[in-house]
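These are the residues of each chain, in order.
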Amino acid sequence: MDFIRLTDPAAPEFETAFALYEVSFPLHERRTRSAQAARLSHPEYRFTLLYEGDQFQGILLYWEGPGFRYVEHFAIAPELRGGGVGARALAELCGQGIPVILEIDPPVDEISVRRQYFYERCGFAKNSFPHVHPPYRKGFRGHPLVVMSAPGALTQETYDRFAGYLQNTVMSDCVPPLEE
């Protein structure tokens, strides 16, 4: 599997990748097109296209944080889901010796439970830290998510470093949350 970093929003591959991004994540969990395009040039951001030969397979959007990688968004082309593509991509990302952190919806329905099991099969551990992801867009509040990490659970210190990085770097271009 090839990981191709996209840094130019004018590249034709951006349209294909952004279309997958839009259908894979609800509005409140994604950046606008212009905000995503602006983020491509951030030195720690990896807007990665997944290819097998010349076939586009998905996107893996992650950050090179301080001592960890944070997977912000990950999606496989719908027609390829369930065929091992996602597991192979995560194995490659996790196999580089750098801890990987991601977030999932709380496991409350069949889809979210299956998603948690998928990540556990890929070597991720569920963390018990209460966690709210900040909002991407005006008019939304943060939403509770479950933090998962590989190769094992996070220490409090690592979680705190991740939470600070998420707030101050990853989400620095986004709006502040609505007042309660």
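Look a little higher up for the structure.
Residues numbered from 1 in each chain as written. Predicted model: local features only at pLDDT ≥ 70, side-chain atom pairs only at ≥ 80, totals over all residues. Heavy atoms only, no water.

Q: Help me understand the nonpolar core in this model?
A: Nonpolar side chains tend to gather and get buried jointly when the protein is soluble and globular. Within the largest apolar cluster, 33 residues are counted, with the highest numbers of intra-cluster contacts made by Phe47, Leu49, Ile59 and Phe162. The set of elements that each furnish at least two residues to this core consists of helix H1 (12-24), strand S2 (45-52), strand S3 (55-65), strand S4 (68-76) and helix H5 (156-170). Discounting chain neighbours no more than four positions away, the residues touching leucine 49 are Asp2, Phe3, Ile4, Leu6, Glu13, Ala17, Phe56, Gly58 and Ile59. (Core = buried A, V, L, I, M, F, W, Y, C linked by side-chain atoms within 4.5 Å. Buried < 20%, exposed > 50% of the residue type's maximum accessible area, 1.4 Å probe, protein only. Helix = DSSP H or I, 4+ residues; strand = E, 2+ residues; numbered from the N terminus. Contact = heavy atoms within 4.5 Å.)

Q: It is not clear to me how the environment of glycine 53 should be interpreted in this structure. Could you clarify?
A: For glycine 53, the position within the fold is in the loop between S2 and S3. Given the relative accessible area of 56%, glycine 53 is considered exposed. Taking the C-alpha atoms as reference points, glycine 53 and methionine 1, 52 residues apart in sequence, are found 7.6 Å from one another.

Q: What should I look at first to understand the sheet that holds strand S1 (residues 2-5) in this one?
A: Either a parallel or an antiparallel arrangement is found when strands of a sheet pair, and the pairing is made through backbone hydrogen bonds. One open sheet accounts for seven strands, arranged S1-S2-S3-S4-S5-S9-S6; its pairing is mixed. Across the chains shown, the open sheet's two edge strands, defined by having one partner strand only, are S1 and strand S6 (125-126). Of the strand pairs in this sheet, strand S5 (residues 100-104) and strand S9 (residues 146-150) are connected by five bridges, and their pairing is antiparallel. Residue isoleucine 101 lies in a different strand from S9, and its bridge partner there is serine 149. The strands touched by helix H3 (residues 85-94) within the sheet are S1, S2, S3, S4, S5 and S9, with S4 carrying the most contacts at an inclination of about 165°. (Pairing = 2+ DSSP bridges. Axes fitted to C-alpha atoms, helices over the stretch in contact; angles between N-to-C directions.)

Q: Explain the side chain of arginine 69 to me, please; I cannot follow it from the model alone.
A: When you line up the elements, arginine 69 lands in strand S4. Only 3.0 Å separates the side chain of arginine 69 from the side chain of glutamate 64, close enough to count as a polar contact. Looking at arginine 69, its side chain comes within polar contact range of the side chain of glutamine 96, at 2.6 Å. Apart from the residues within four sequence positions on either side, arginine 69 is in contact with Tyr62, Trp63, Glu64, Leu93, Gln96, Ile98, Pro99, Val100 and Ile101. (Polar contact = N/O pair within 3.5 Å; in protein donor to acceptor, adjacent residues only side chain to side chain.)

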